[in-house]
Amino acid sequence: QVQLVESGGGLVQAGGSLTLSCSASGSIFSIDTMGWYRQAPGKQRDLVATITSGGTTNYADSVKGRFTISRDNTKNTMYLQMNNVKPEDTAVYYCNAAVYITPFRAPRDYWGQGTQVTVSS
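Residues numbered from 1 in each chain as written. Predicted model: local features only at pLDDT ≥ 70, side-chain atom pairs only at ≥ 80, totals over all residues. Heavy atoms only, no water.

Spatially, the four strands line up as an open sheet ordered β1-β3-β8-β7, and their pairing is antiparallel. Sheet topology places β1 (2–7) and β7 (67–72) at the edges, where each strand pairs with a single neighbour. With direction set aside, neighbouring strand axes in the sheet form an average angle of 15°. Sheet analysis places strand β3 (residues 18–26) next to strand β8 (residues 77–82), joined by six bridges and oriented antiparallel. The partner of Ser23 across the bridge, within β8, is Thr77. (Pairing = 2+ DSSP bridges. Helix = DSSP H or I, 4+ residues; strand = E, 2+ residues; numbered from the N terminus. Axes fitted to C-alpha atoms, helices over the stretch in contact; angles between N-to-C directions.)

Moving on, we come to the pairing of strand β11 (residues 115–120). Burial along β11 is one-sided: the residues Thr115, Val117 and Val119 are buried and none of Gln116, Thr118 and Ser120 is. As paired elements, strand β9 (residues 91–101) and β11 share three bridges and run antiparallel to each other. If you follow Ala91 over to β11, its bridge partner there is Val117. (Buried < 20%, exposed > 50% of the residue type's maximum accessible area, 1.4 Å probe, protein only.)

Under the definition given, this model contains one aromatic pair. Relative to Trp111, the ring of Tyr37 has its centre 5.0 Å away and its plane inclined at 65°; by these criteria the two rings are edge-to-face. Placement of the pair is Tyr37 in strand β4 (residues 28–39) and Trp111 in strand β10 (residues 107–111), with a sequence separation of 74 residues. For the cation-ring pair, Arg45 lies above Tyr94, with the distance from its terminal atom to the ring centre recorded as 3.6 Å. Just above the ring of Trp111 sits the side chain of Arg45; from NZ or CZ to the centre is 4.7 Å. (Phe/Tyr/Trp six-rings, centres within 6.5 Å; stacked < 30°, edge-to-face > 60°. Lys NZ or Arg CZ within 6 Å of the ring centre and 35° of its normal.)

Put into structure tokens, the structure is as follows:
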């Protein structure tokens, strides 16, 4: 009913930049908080950044000052601008969204399939 699709992942050299996108589709009434999470092989899935519907942002200390989360509510799309990437940023990046689904009024938590980001040194 609701799908989140990430795009923009790929291979980038350390110090470079990459922009990830997450597009939500389906029977969406509205989307509350959205966020980016990442998971490296053998590690847990960790918060990267979140953004509320009003634009309030929160970042993990490891990416603060380097990554910028944003969203376009008219497109149900969220972005992650990744600057000065480091090898430790290598992970699968997942889109998360709290979605109000038509005709329901209770939000549900949805995840995308993930997009691979590999930072080479």
